[in-house]
Amino acid sequence: MRLIAPTTAGAPHDLVSRLIAERLAPTLGQPVIVDNQPGASGVLAITKFIQAAPDGHTLALVFMPQAIQQALIAKAPYDMARDIAPVILLGWDFNILVVHPSVPARSVAELIAYLKANPGKLNFGSGGSGSPAHVFGESFKQATGTQMTHVPFKGVMPAVQDLLAGRVQVMIGLAPAVMPHIRSGALRPLAAAAPKRLPAVPDVPSFAEVGYPELAGGAWFGIAVPAGTSAGIVARLNRDIAAITAAAELRSKIAAGGGAEITSSTPEEFRAIIAADLERWRRVVRQANLKAD
């Protein structure tokens, strides 16, 4: 069996893929090989994945950036509502709104007031046009009626480095990328894009707490098989993977590797989450007039 991962070897989501593959193999009685297919925010991986036979021998880790790219690309080579059969939601990654210490704001309200008084003065960084940090930044602008200038970088870490240097001043970045700099005091956290406060930063309010529940969602990831796979295979995989993710040992390893919150779902619940996100990002992309690079 093959598990296609949309990331480079060693990345946080690759860790998730390998932990699932290692534990699924003895349950199924056959090896499960992780096939890394990085690039284009997951587009390359999902495009290859949907071409596989729907016989239960090919799985994929799917994640939110693929839904964003589907909204961005005029003629996307896949449709997540049509081409995949969701198996199980594995968990959520969460973003944190951070600012450079030079920004005169210690709360979301103060940042919004500053942005409205100085429209376009601040820059916000991301790992590239159409990346999660980009669309979350655009969502923030839409929700708050503010203006910032987007500065795309070739990856999250270069964006973080320029944020640390003050060349960009704002970022809504994944917790693992910004957490070390929050702890060191190099970046100031203002809000977490999560339904509730994150245990890693308990003093930082969620967006829901400060009046913007539409910004409180995280970035989901989970397992899927190609559309057309039998309901029996989907149910078996859901049951087996749910048992794996229930183990405290696996949850602690994933949390240590990237800070993700591990959960579970039925196939129908995961399908509903994907459908809602596809509509959400279509709306954001349309309102902001975003296009893929």
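Residues numbered from 1 in each chain as written. Predicted model: local features only at pLDDT ≥ 70, side-chain atom pairs only at ≥ 80, totals over all residues. Heavy atoms only, no water.

Caption draft 1: Spatial organisation of the pairing of strand 5 (residues 95-99). In terms of burial, strand 5 is largely enclosed, as five of its five residues are buried. Neither face of strand 5 is left uncovered, since the one carrying Asn-95, Leu-97 and Val-99 and the one carrying Ile-96 and Val-98 both have all their residues buried. In terms of strand pairing, strand 5 meets strand 9 (residues 188-193) through five bridges, oriented antiparallel. Counted as the bridge partner of Val-98 is Pro-189 from strand 9. (Buried < 20%, exposed > 50% of the residue type's maximum accessible area, 1.4 Å probe, protein only. Helix = DSSP H or I, 4+ residues; strand = E, 2+ residues; numbered from the N terminus. Pairing = 2+ DSSP bridges.)

Caption draft 2: A look at the sheet that holds strand 1 (residues 2-5). Taken in spatial order, the six strands make up an open sheet running 2-1-3-10-4-11, and their pairing is mixed. Looking along the sheet, the strands with just one partner apiece sit at the ends: strand 2 (33-36) and strand 11 (261-262). Note: strand 3 (residues 58-63) against strand 10 (residues 219-226), four bridges, orientation antiparallel. Directly across from Leu-61, in strand 10, lies its bridge partner Ile-223. Against the sheet, helix 1 (residues 12-28) engages strand 1, strand 2, strand 3, strand 4 (84-93) and strand 10, with an angle of about 160° to strand 2. Each of strand 3 and strand 10 is contacted by helix 3 (residues 64-72), which is oriented at about 75° to strand 3, the strand it contacts most. (Contact = heavy atoms within 4.5 Å. Axes fitted to C-alpha atoms, helices over the stretch in contact; angles between N-to-C directions.)

Caption draft 3: Focus on unusual backbone geometry. A positive phi angle, near 55°, is found at Ser-41, a position not held by glycine. Position of Ser-41 among the secondary structure elements: in the loop between strand 2 and helix 2 (43-49). In this structure, Asn-289 takes a positive phi of about 55° despite not being glycine. If you trace the backbone, Asn-289 turns up in the segment after helix 11 (267-288). Note on Asn-289: relative accessible area 58%, which makes it exposed.

Caption draft 4: View of the environment of Val-201. By the secondary structure assignment, Val-201 is in the loop between strand 9 and strand 10. As a C-alpha pair, Val-201 and Ala-191 span ten residues in sequence and 9.6 Å in three-dimensional space. If we skip the residues at most four places from it in the chain, Val-201 touches Ile-96, Met-179 and Ile-182.

Caption draft 5: Main features of the pattern of salt bridges. Taken as a whole, this structure holds 13 salt bridges when the rule is applied. In this structure, Glu-249 and Arg-23 form a salt bridge, with 2.7 Å as the shortest nitrogen-oxygen distance. Of the two residues, Glu-249 sits in helix 10 (residues 248-258) while Arg-23 sits in helix 1, which places them 226 residues apart along the sequence. A residue is classified by how much of its surface remains accessible, and Glu-249, at 38% relative accessible area, is partly exposed. If you follow the salt bridges from partner to partner, you end up with Glu-22, Arg-23, Glu-249 and Lys-253 in one network. (Salt bridge = Lys/Arg side-chain N within 4 Å of Asp/Glu carboxyl O.)

Caption draft 6: View of the packing of aromatic side chains. If you walk through the whole model with that rule in mind, you get three aromatic pairs. Each ring, one from Phe-136 and one from Trp-281, has its centre 5.5 Å from the other, and the planes form 80°; the classification is edge-to-face. With Phe-136 in helix 6 (residues 132-144) and Trp-281 in helix 11, the pair connects residues that are 145 residues apart, well separated along the chain. When sorted by exposure, Phe-136 lands in the same class as Trp-281, which is buried. (Phe/Tyr/Trp six-rings, centres within 6.5 Å; stacked < 30°, edge-to-face > 60°.)

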